[in-house]
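Descriptive structure summary
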Amino acid sequence: MNIARASIDRPIMIWLIMLTCLFGGIWGFLNLGRLEDPAFTIKQAVVITQYPGASAEQVATEVSEPLESAIQRMGEVKEIVSVNRPGVSRIDVFIKDTINGEALPDIWTELRQKLQTAQSQLPTEASSPVVDDGFGDVYGIFFAVTAEGFTDGEKHDLATFLRRELLTVNGVADVEVSGLPEEAIFVEPDLAVASQLGIDAQILVQALATSNSVQPAGSLTRSDERIPIQAPTGSDSVSEIAALTVGVGGELINLIDVAEVSRDRVENPANLIRFQGQEAFTLGVAGLSDENIVDVGNHVDAHLQSLLPEIPYGVELHPIYQQHVVVDESSNSFLVNLAMSVAIVVLVLGLFMGPRAAVVVGATLLLTVVGTLLFMALFSIEMERISLGALIIAMGMLVDNAIVVAEGMQIAMLRGKSSRDAADEAAGKTQIPLLGATVIGIMAFAGIGLSPDSTGEFMFSLFAVICISLLLSWVLAVTVTPLLGHYVFKLGDGAGEDSYGGLVFRAYGRLLHGALRFRWLVLVGLVAITAASYVGFGQVKQQFFPNANTPLFFAHYTMQQGTPISKTSEQMRVLEAYLKQRDDVVSFSTFVGQGATRFLLTYNSESPNPAYGHLIIRTEDLSMIPAIQADLEAFAAENIPEGEFRTERLVFGPGSGSPIEVRYSGRDQKVLRDLADQTITVMEQASANILSPRIDWREQQLVLRPKYVTDRAQAAGVTRDNVSEVLDFATDGVTAGVYREEDRSIPIVLRKAHSSDAGVLDQALVSQNGDTLLPIEQVVDGFAAEAQNTIIYRRDRVQTITVGASIPSDLTAAQVHAEVRAAVEAMPVPPGYKMEWGGEFESSADANASLGAQLPVTILIMILITVVLFNALRQPLIIWLLVPMSVNGAALGLLGSGLPFTFTALLGLLSLSGMLIKNGIVLVEEIDIEREAGGPLRQAIITASVSRLRPVLLAAATTILGMIPLLGDAFFVSMAVTIMGGLAFASILTLVAAPVLYDVFFMPRVKGAEKQA
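Presented here is an overview of the structure given in this document.

Looking at the overall build of the protein
Counting its regular elements, the protein contains 30 helices and 30 strands. Taken along the three principal axes of its C-alpha coordinates, the protein extends 125 × 75 × 60 Å. The buried share of the protein, taken over its 1013 residues, is 54%. In the protein, 81% of the contacts between residues at least 6 apart in sequence involve partners at least 24 apart.

Concerning the packing of helix α15 (residues 431-449) against helix α25 (residues 839-870)
Put simply, α15 and α25 touch, their axes get as near as 7 Å, and they point 170 degrees apart. What the angle tells us is that α15 and α25 run roughly antiparallel. Across from Ile432, Pro433, Gly436, Ala437, Val439, Ile440, Met443, Ala444, Ala446, Gly447 and Ile448 in α15, the residues of α25 making contact are Leu851, Gln854, Thr858, Ile861, Met862, Ile865, Thr866 and Leu869. Residue composition of the contact of α15 with α25, by class: 14 nonpolar, five polar and no charged.

Examining the environment of aspartate 295
In this fold, aspartate 295 is placed in helix α10 (residues 293-307). On a C-alpha basis, the gap between aspartate 295 and glycine 782 in space is 64 Å, while along the polypeptide they are 487 residues apart.

Considering the pairing of strand β2 (residues 77-85)
Counted residue by residue, β2 has eight buried out of nine residues, so it is predominantly covered. Of the strand pairs in this sheet, β2 and strand β3 (residues 88-95) are connected by eight bridges, and their pairing is antiparallel. Pairing of valine 83 across the sheet is with arginine 90, part of β3. Where β2 lies against strand β28 (residues 792-795), four bridges are found, and the strand directions are antiparallel. Bridge assignment links valine 83 to a residue of β28, and that residue is tyrosine 793.

Remarks on the pattern of salt bridges
Overall, the coordinates contain 38 salt bridges when judged by the stated rule. Salt-bridge contacts for arginine 794 lead to glutamate 65; the nearest nitrogen and oxygen are separated by 2.5 Å. Placement of arginine 794 in strand β28 and of glutamate 65 in helix α3 (residues 56-71) is noted, with a sequence separation of 729 residues between them. By relative accessible area, glutamate 65 is classed as partly exposed at 23%.

Examining the nonpolar core
Formed by 174 residues in total, the largest nonpolar core has its most connected members in Phe445, Leu462 and Phe599. The leading source of residues in this core is helix α13 (residues 385-414), at 20 residues. When near neighbours in sequence (up to four residues on either side) are disregarded, phenylalanine 599 contacts Val138, Tyr139, Gly140, Phe142, Tyr321, Leu552, Phe554 and Ile616. With 29 residues, the next largest nonpolar core counts Val83, Leu675, Tyr793 and Ile807 among its residues.

A closer look at the packing of aromatic side chains
To describe a pair of aromatic rings, you give the distance between the ring centres and the angle between the ring planes. Per the stated rule, a full pass over the model turns up 13 aromatic pairs. Relative to tyrosine 603, the ring of phenylalanine 554 lies with its centre 5.5 Å away and its plane at 65 degrees, an arrangement referred to as edge-to-face. In this pair, phenylalanine 554 sits in strand β16 (residues 552-558) while tyrosine 603 sits in the loop between β17 (585-592) and β18 (612-619), placing the two residues 49 residues apart along the sequence. In this structure phenylalanine 554 comes out as buried when scored by relative accessible area, which is 5%. Residue tyrosine 603 is classed as buried on the basis of its relative accessible area, which comes to 4%. Among the aromatic residues, those joined into a cluster by ring pairs are Phe142, Tyr321, Phe554, Phe591, Phe599 and Tyr603. Directly above the ring of phenylalanine 186 sits arginine 751, whose terminal nitrogen or CZ lies 3.7 Å from the centroid.

As for a negative patch on the surface
A contiguous patch of negative charge, built from Glu125, Asp721, Glu725, Asp728 and Asp732, is present on the exposed surface. Residue placement: glutamate 125 occurs in the loop between α4 (104-118) and β4 (130-132).

Brief notes about the sheet that holds strand β23 (residues 734-741)
Judged by pairing direction, the sheet is mixed, and its four strands sit side by side in the order β12-β7-β24-β23 without closing on themselves. The open sheet terminates on both sides in strands that have one partner only, identified here as β12 (259-265) and β23. Neighbour to neighbour, the strand axes of the sheet diverge by 25 degrees on average, direction disregarded. In terms of strand pairing, strand β7 (residues 183-189) meets β12 through seven bridges, oriented antiparallel. Its bridge partner being in β12, isoleucine 185 is matched across the sheet by arginine 263. Contacts between helix α5 (residues 152-166) and the sheet are confined to β7, β12 and β24 (744-750), with β24 contributing the most and set at about 150 degrees to the helix.

Topic: helix α24 (residues 813-825)
Taking 1.5 Å per residue, 13 residues should reach 18 Å; α24 reaches 17 Å between its end C-alpha atoms and fits that length. At glutamate 819, α24 is bent by approximately 35 degrees, the largest bend along its length. Ala813, Val816, His817, Val820 and Val824 are the residues of α24 that are buried. Next to the buried residues of α24 lie β20 (660-665), α21 (669-686), β30 (834-838) and α25.

A word on the environment of valine 540
Relative to the helices and strands, valine 540 is located in the loop between α18 (519-537) and β16. Residue class for valine 540 comes out buried when judged on its relative accessible area of 5%. Distance from valine 540 to aspartate 97, taken between C-alpha atoms, is 30 Å for residues 443 residues apart in sequence. In this structure, valine 540 is in contact with Ala891, Leu894, Leu895, Leu899, Pro900 and Phe901, ignoring residues within four places of it in sequence.

What about the packing of α18 against helix α27 (residues 886-897)?
Axis separation between α18 and α27 bottoms out at 8 Å; the angle between their running directions is 40 degrees. Classed by the angle they form, the pair α18 and α27 counts as oblique. When the axes of α18 and α27 are compared, the crossing they make is left-handed. Contacts from Ile529, Thr530, Ser533, Tyr534, Gly536 and Phe537 in α18 reach Val887, Asn888, Ala891, Leu894 and Leu895 in α27. Of the residues assigned to the contact of α18 with α27, the class counts are seven nonpolar, four polar and no charged.

Focus: a nonpolar patch on the surface
A surface patch of nonpolar side chains, about 700 Å² in accessible area, is lined by Trp15, Leu19, Leu22, Phe23, Ile26, Leu30 and Tyr487. Among the elements that make up the nonpolar patch, the one with the highest residue count is helix α2 (residues 11-31) (six residues). Looking at the secondary structure, you find leucine 19 in helix α2. Residue class for leucine 19 comes out partly exposed when judged on its relative accessible area of 40%.

Details of unusual backbone geometry
With a phi close to 55 degrees, serine 380 is a non-glycine residue in the positive phi region. The residue serine 380 is located in the loop between α12 (355-378) and α13 in this model. For serine 380, a relative accessible area of 58% puts it in the exposed group. Non-glycine residue aspartate 796 carries a positive phi angle of around 50 degrees. Along the chain, aspartate 796 turns up in the loop between β28 and β29 (798-806).

Quick word on the side chain of serine 89
In this structure, serine 89 sits in strand β3. In this structure serine 89 comes out as buried when scored by relative accessible area, which is 0%. Side-chain polar atoms of serine 89 contact the side chain of serine 64, separated by 2.8 Å. Excluding residues within four positions of it along the chain, serine 89 makes contact with Val47, Ile48, Thr49, Val59, Val63, Ser64, Val83 and Asn84.

Cut-off values and rules
- Residues numbered from 1 in each chain as written.
- Predicted model: local features only at pLDDT ≥ 70, side-chain atom pairs only at ≥ 80, totals over all residues.
- Heavy atoms only, no water.
- Helix = DSSP H or I, 4+ residues; strand = E, 2+ residues; numbered from the N terminus.
- Buried < 20%, exposed > 50% of the residue type's maximum accessible area, 1.4 Å probe, protein only.
- Contact = heavy atoms within 4.5 Å.
- Axes fitted to C-alpha atoms, helices over the stretch in contact; angles between N-to-C directions.
- Parallel < 35°, antiparallel > 145°, perpendicular 65-115°, else oblique.
- Nonpolar A, V, L, I, M, F, W, Y, C, P; charged D, E, K, R; others polar.
- Pairing = 2+ DSSP bridges.
- Salt bridge = Lys/Arg side-chain N within 4 Å of Asp/Glu carboxyl O.
- Core = buried A, V, L, I, M, F, W, Y, C linked by side-chain atoms within 4.5 Å.
- Phe/Tyr/Trp six-rings, centres within 6.5 Å; stacked < 30°, edge-to-face > 60°.
- Lys NZ or Arg CZ within 6 Å of the ring centre and 35° of its normal.
- Patch = residues over 30% accessible without salt bridge, like charges linked within 9 Å, V, L, I, M, F, W, Y side chains within 5 Å.
- Areas by Shrake-Rupley, 256 points an atom, 1.4 Å probe, with all protein chains shown as cover.
- Lys, Arg positive; Asp, Glu negative; His and termini not counted.
- Charge placed at Lys NZ, Arg CZ, Asp CG, Glu CD.
- Expected span 1.5 Å × (residues − 1).
- Bend = angle between axes of the 7 residues up to and from the residue.
- Left-handed = near helix turned anticlockwise from the far one by under 90°.
- Polar contact = N/O pair within 3.5 Å; in protein donor to acceptor, adjacent residues only side chain to side chain.

As structure tokens, then:
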């Protein structure tokens, strides 16, 4: 059955399809979900366990080890990475990529059960492990809130108000607040008075512990009513805490008589946040995964606007990142690029095929695009970076089917055939080859989209959109295109019999005749060109993901391990003062002590560290970033040389730590540090492009350990814990209770007064009888100083140290990695120790391995399709010999433009291969048809090739020119150049290579048949 003839005979059905695509596509576009990145499950949970007072080594062996052992029993776990610091264990649990995201809730439940079972193996002083399975949540609507002149309490009230209001907005999943001032109630006893009265820190701790506690108080039953009794109201003000009484020797003494009580900020908060140098806190808003983030963001903006009358004057909300604005701009930019591409296609067709063909093919292309939007909405495929990229990639293949059918039908009608007969001839002989070629084009991307791991989950929309659009393009090409041709194409009188008698066709025919005559020379030339292109491709810069379009970049500043957060904050103010002076900096946000809330799927926040400072810097446009980066790095090197400073561009794709990373695993910490130090030396000697080399364990930190005199201490009944408590009181302070203020819990800290002249060793201890105060010097003989590792990383239960390095902004990680790889791998590694590459090299290798695991299957399917299409082996072999030529033009394009070969360029190369296979199938099929009509082999080859010249060139030209709008897009530019260069060069080679290969494969057979005859 010929579908094309049936379409003309039953036009109502085709018009229904056209109207459905048109109006359904408009409906689909208006209802499509919009995201920045595909909805993607980060299969990672974080387990936090507190072990106050323990060293990093103790945390690793006494807490992390038993917990990691329990976690390792879970078959779904891919990797376990722990960071051990004094007093706290952080374990990152990574689940296997092949695990479906829907199974994660059950896995997290099992994880909690395993940890609960393992808790009995932990020290009694360790807290219960806390599992954060929302680690991957993205708070893409990210504000800095400044409230100059407001008290800390008022800022907390403001944050509570804003969070509560934003949570009521439709589509909002969560709101995270960070950077609020940390307050405490400080109780500072007068040591001299307390000593005279026989009051030590422990007595005060006991008094403060119950000052604001909440306990059940029972209930009364009267007749048929049960009346609960609530506990007495506790201390709800600083003055009431000061009025607490302490029992000493049978007497009651007011706390205010022996101590000063005040409310103030803590000296070492977890983090500090500033916006434009002004103190701030942040609000991160996360949308529900199935909601349109553009709508959610607009609702949030509208609600905040409605709250303005209730927000006090002086409070300002500054956007740091607005995901909905970025997504909306990307969508609008895509529409503009799409419209320009379609317009270019129509214009080119109008110039070379005439306005009638332009109308027919252009209308088919438009219906294909809007019809794809309809099916995207029906299948709940959001409009995001990957799906938009898929539509752009597919643009190069969507027009092919319609051009082949329209060109064949138009030529036949000019020869005098009726529209039905012309449709019969044009579509009848090409519909099956076009379908096979279309399926092959789809299968080229199946390895990515159907991969069972995280790559497949992230890239599924690419495969789905390409599959929908290409299949729809075939359906519309064999239905809508013939019908529109029936209405639009002009019926000739048969005088235009020689439709291929033009100058270009005749020149191509003569060229092809010469190529067939000197076929072996041509083949040698083709092989040489392809080999040279592969050599040239080896010189192309390699990059995993390109830099992002958003004009943001980051700065990282890390001081010596152990630096207090106040010192780090002072250094960051130096950078802030510099950035304020620059007109090309739109805004900057400062984070001290840890990174920002995850506001991008690809953003990796640094772990808490008081010695760490972070800047998020926004510029007017992307072009300004390199200059600002260079100036900022030079300024930091001169003005704040005490720490390690580096800048980093925002990139598309997942973060992978430093661009260059080397990991060493083993038992001995000293050996690991020696290996890391050697690696830094080797890398710096091997390449001048290694910048800011660093070790994730950072520097060792000086630690003081009291020399506990066991015999004297035991005689006095003083334990090691007693000594630790007194030292804690004399330094950081002891948390003695909690002060509740509405929904806040403010710690009550008992500490030595800052005004006191008493040193650490001047503190007193209570003896065993409870009546005698002993100087701590009687049980402690001073302190011993030692250097300790205060950050210890473990990977899969083995101590692992990582050396990281930055690279110049004009180079790629692959280039620098190639410069240092041999030298690093030549380093001797002791037995029992292991070296691994990390960073971008590892991420790229993992992604390529994931793709490579699926490609053999998809390639086999593609080969089988070509074999089934021709029911032979020679024709498929000819077609597949064309595929290596796809690299020819791509290498020239990337080398000529200086662009790196990125992941998007790889997608362009796959698309290019699909286009070449499609051209090859249609061309070889046409040659077969001409041979069946009779005549010499070479004449059949030339006639068929000439008839395919215009569709091949037009498909290439429309695709190449349609990619022009993408040259200004940072994400798609390398893909566009790959397709443009590859198609321009490879299409010409295909028009020569396919006929020559056909002649080589079939001429001996023809000559053999002639001899037998």
